[in-house]
Amino acid sequence: MNGVAARSRGVTTGKVLSLWLLLGASSWASAAIRYAIPEEARRGSAVGNVAADLALDPARLSGRRPRVVSGGSRRFFAVDPGSGALLVSERIDREELCGALSPCSLSFEIVLEKPLELYSGAVEIQDINDNDPVFPSGQARLEISESVAAGARFPLESAQDPDVGINSLQTYQLSANPHFVLDVQTRGDGSKYAELVLEKELDREEQRELHLVLTALDGGSPPRSAHVQIHIDVVDSNDNAPVFNQSTYKASVRENTPSGTLVAKISAYDLDDGPNGDIVYSFSSHTPAKVRELFALDSATGELRVKGQLDYEETKLHEVYLQAKDKGAVPGVAHCKVLVEVVDVNDNAPEVTVTSVYSPVPEDAAPGTVVALLSVTDLDSRDNGLVNCFISPGIPFTLSSSLKNYYTLKTKAALDREEASEYNITVTARDSGSPPLSVVKQILVRVSDVNDNAPKSSQDFYDVYVLENNVPGIPILNVSATDPDLGRNGHLTYSLLQGDTTVGHLFSINRESGTLYLLTSLDHEDQVEFSMTVQVQDGGSPPLATNLSVSVFVTDLNDNAPTVLYPLPNSTSSYTDVVAPGTPAGHMITKVVAVDADAGYNAWISYTLLQATDPTLFSVGLHSGEIFTTRQLQEDEAPQHTLVILLKDHGEPALSASATVSISVAERVKEVLTDLTDMVPAHDPRRHVTFYLILAVILVSAAFFITIVSVGIFKCYKWRQSKELFNSSRSTLYRTPGPFHHVDAVRGGFMPPNFYHQVYLTTDSRQSDLLCKKPFTSSPLGSRQNTMRNGEPGPYHQIVGTTSRLPTPTEQAQPNTDWRFSQTQRPGTSGSQNGEEGGAWPNNQFDTEMLQAMILASANEAADGNSTLGGSTGTMGLSARYGPQFTLQHVPDYRQNVYIPGSTATLTNAAGKSNAKGSSGGNKKKSGKKEKEKK
């Protein structure tokens, strides 16, 4: 055994036969390796180091869970995860595994995970000389006629040695004798058999029998042997032996041929007569016993028929050795050989082996994730062994071939556990034979849950109605939601979002069931509605949540009796209403005022007269509480009446209150007061509050009155000032109150004939504020108002244009087109020109207002002899503002053509018309002087 172990170690450390990589056959790499070890190696002995031979990282090998997968039920090898060594895990007997086949190899696959990889390999099992040759029996008997000539051959039973190669049967040896020698022959399959060759003719008279010893030797070191005793009986001669028509017969038969089918018919003849010429056919002594189990021979006819089940996958060619023997005293024997070829048929269905299954698969696994690895085998040959695999359609998986006879099952679409939690995948393997054979393999793939679904509720909001004055701690709502996820991903918890702190004190929700509880008693009169948000959250990671809106409405109960506001109940002071005698019927004396804190029908109050001094004298409005006289009061009526009014709401049950009203019948209030002087009023803690309220009303009224008087005085002053300015404007058409910093021209349109608007403006006329308005005399035309404001405090205003100075519409002169400026004469900032070539100026509201401002400035310059806008004489102060090229030489006489937009009046000056052809500057000065003289 030590020698075997030594040889085993020598092989495992150095006999790695081959290693190659197969790339491109799949999305993951695979390789094939081959080793050689002797049979009967000890368990745990190393075959080779697959980590080193496959260039794998030993440090990561244990994490990748290496394992050896083989096709059969027995596992002869295992991988050490730590070292990467391939170890023997079971006893290996080459003869048991392979029989006479040589070489004998065991195939295996190594599967690695993370990532999933497959490596195939094979281990050649080398034969050791552990079996002795064995003869079928320990003794053989032969009958040989003495007439047999020298050179005759006599086959002997062959010994069997299950070892192969050099360790198999190699030769035979015969014990020394004078008559026979041994001739060792080799069959087509390499096996040996021995024949006795008669070297010297026998003489029965000299020796009736011979005893020989045949020894079979194998090629082991040391060789093993077996012995058989050969007993030869020398009989009388039969001088003619049978002869076969041919020494070798050939036949072919299908492996699925039924028993009894004729394979071949052999024929031999014998020239002898009688029993010496009768031939009997039989199997030769060196025909293997297994062949005799498969075929049957008719001894009389020589027909060879099928007896057992032929299997192409086990043996493709059978050699059947037959003999023909006559019936002579010393029978003659002839030998022949029949070669039977077994023809393959498709009699083996494919076999599917699932070597690895990755289950469960997460439902968020990406398409292309490897789920299972399958291997397919078919023992048939050629097309009969060509196998195709496929799976049923309509599932999110696909089957692809990675290596020859290997398939990978992958996902081809996204998985959804909520739709299908598991898939029972049917894998069908079908060969290409005729007819084809197929096999079905079921693979169960489970889908694991991922938190990909948020909780869902049948409704997004809930409306709950709760009666007020409820019992604390009662459930008012059960919020329900569902989550199709599994386990913790589908476990829901309920909580209230703390948006309003009061909600957290009044309501509570069960985290598990979603039941909403009311912690305190609610009052409809305090708050009618509560709004809150319930969050439903699952237990996934990360968790998903859904918010639901809950509105709780507090419905009213009739829990408040009517409250009397007037007359005040429970008051020590007396409230007495006075009515004069002679008051007609239907006169309202007073009114009972009451409120009910409830709502709706519960707050509807009805008034009834419960008790009265004279029930026929007064009545109460059912819903108003007003107390009326039912008839006219007489002089002789009782002076004092007390009425008890019943106030009742319409709730269920109804609540009520009462009010007492005192009514005095008297001519004057003094008479009533005289009666009341005797009554000492009790101390009223609210009388000071009433005093302060009256005082506050008096002070506010006084302040308001003073404010109104002040505003009136101020308005009168402003009106007088504007009147003086109006009178002063009769001496000159245009006037300014003095130097100013900013000028703004304001357009005024038609207004109602009985109003005149006095406007105070800022420098931006588009943002002017209307401060006041006052009545104006009958003027059918609108007025034009220009306001000039300087930097001094207080507004300055001037009313320009009056009806006394405006001609009638029939006398209005049409605007002279000569005052329109050409493109080069239009005023603008110094050095600037308008980009438009055509059109008249002014061409918009702003230009109109600008021109009016220039006209006003020029009029004051002419009247006062100075310029407020700056510039030299005769330029209207425009050269400094709009450029040196713009002077009054470019402007015609404006006084006869001043047109105020929105008015039908044109300011005309007779002197200006008569001197229209004069210089503009001269006309301007003369006009100013004439206006002063007229004044």
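Before reading further, recall that the structure is shown in the block above.
Read on for an overview of the structure.

What counts and how
Residues numbered from 1 in each chain as written. Predicted model: local features only at pLDDT ≥ 70, side-chain atom pairs only at ≥ 80, totals over all residues. Heavy atoms only, no water. Pairing = 2+ DSSP bridges. Helix = DSSP H or I, 4+ residues; strand = E, 2+ residues; numbered from the N terminus. Axes fitted to C-alpha atoms, helices over the stretch in contact; angles between N-to-C directions. Disulfide = S-S within 2.5 Å. Buried < 20%, exposed > 50% of the residue type's maximum accessible area, 1.4 Å probe, protein only. Phe/Tyr/Trp six-rings, centres within 6.5 Å; stacked < 30°, edge-to-face > 60°. Lys NZ or Arg CZ within 6 Å of the ring centre and 35° of its normal. Contact = heavy atoms within 4.5 Å. Core = buried A, V, L, I, M, F, W, Y, C linked by side-chain atoms within 4.5 Å.

### Points about the sheet that holds strand β42 (residues 588–591)
Here comes step 1: Spatial strand order, β42-β46-β45: three strands in an open sheet with antiparallel pairing. Strand pairing shows two members of the sheet lacking a second neighbour, β42 and β45 (618–620), which therefore form its edges. Within this sheet the neighbouring strands show an average axis-to-axis angle of 25 degrees, counted without direction.

### Considerations on the state of the cysteines
Here comes step 1: Applying the stated criterion across every chain, the model contains one disulfide.
Here comes step 2: In this model Cys98 forms its disulfide with Cys104; the gap between the sulfur atoms is 1.7 Å. The sign of the 60 degrees torsion about the S-S bond sets the Cys98-Cys104 disulfide as right-handed.
Here comes step 3: According to the relative accessible area criterion, Cys104 is buried, its value standing at 2%.

### So, the sheet that holds strand β27 (residues 370–377)
Here comes step 1: One open sheet holds the four strands; their spatial order is β25-β27-β30-β29, and the pairing between them is antiparallel. In this open sheet, the two strands that pair with only one neighbour each are β25 (351–357) and β29 (397–403). Each strand of the sheet is rotated relative to its neighbour by a mean of 30 degrees, with strand direction disregarded.
Here comes step 2: Bridge count between β27 and strand β30 (residues 406–411): five bridges; the pairing is antiparallel. Within the sheet, the bridge partner assigned to Ser375 lies in β30 and is Tyr406.

### A word on the packing of aromatic side chains
Here comes step 1: Inspection of the entire model under this criterion finds nine aromatic pairs.
Here comes step 2: Aromatic pair Phe77 and Phe108: ring centres 6.0 Å apart, planes at 45 degrees, arrangement tilted. Here the residue Phe77 occupies a position in strand β5 (residues 77–79), and Phe108 occupies one in strand β7 (residues 104–112), the gap between them amounting to 31 residues. For the pair shown, Phe77 and Phe108 are each scored as buried.
Here comes step 3: Each ring, one from Phe135 and one from Tyr172, has its centre 6.2 Å from the other, and the planes form 50 degrees; the classification is tilted. Within this pair, whereas Phe135 is found in the loop between β8 (117–126) and β9 (139–145), its partner Tyr172 is found in strand β11 (residues 169–174), the two being separated by 37 residues in sequence.
Here comes step 4: Since its relative accessible area comes to 10%, Phe135 is described here as buried.
Here comes step 5: Classification of Tyr172 by relative accessible area gives buried; the value is 4%.
Here comes step 6: Directly above the aromatic system of Tyr312 lies the positively charged group of Lys316, at a separation of 5.2 Å from the ring centroid.

### Some details on the side chain of Ser158
Here comes step 1: Structurally, Ser158 is set in the loop between β10 (153–155) and β11.
Here comes step 2: Those residues in contact with Ser158, other than ones at most four positions away along the chain, are Val134, Phe135, Pro136, Tyr172, Arg187, Lys192, Tyr193 and His286.

### A closer look at the nonpolar core
Here comes step 1: Ranked by internal contacts, the top residues of the largest apolar core, which has 27 residues, are Phe244, Ile266, Phe295, Val320 and Val338.
Here comes step 2: When residues of this core are traced back to their parent elements, those giving at least two are β17 (248–254), β18 (262–265), β20 (279–283), α5 (289–294), β21 (295–297), β22 (303–306), β23 (317–326) and β24 (333–343).
Here comes step 3: The next biggest cluster of nonpolar side chains, apart from the first, holds 26 residues, and it includes Leu61, Cys98, Leu112 and Ile125.

These figures come from the coordinates and say nothing about function on their own.
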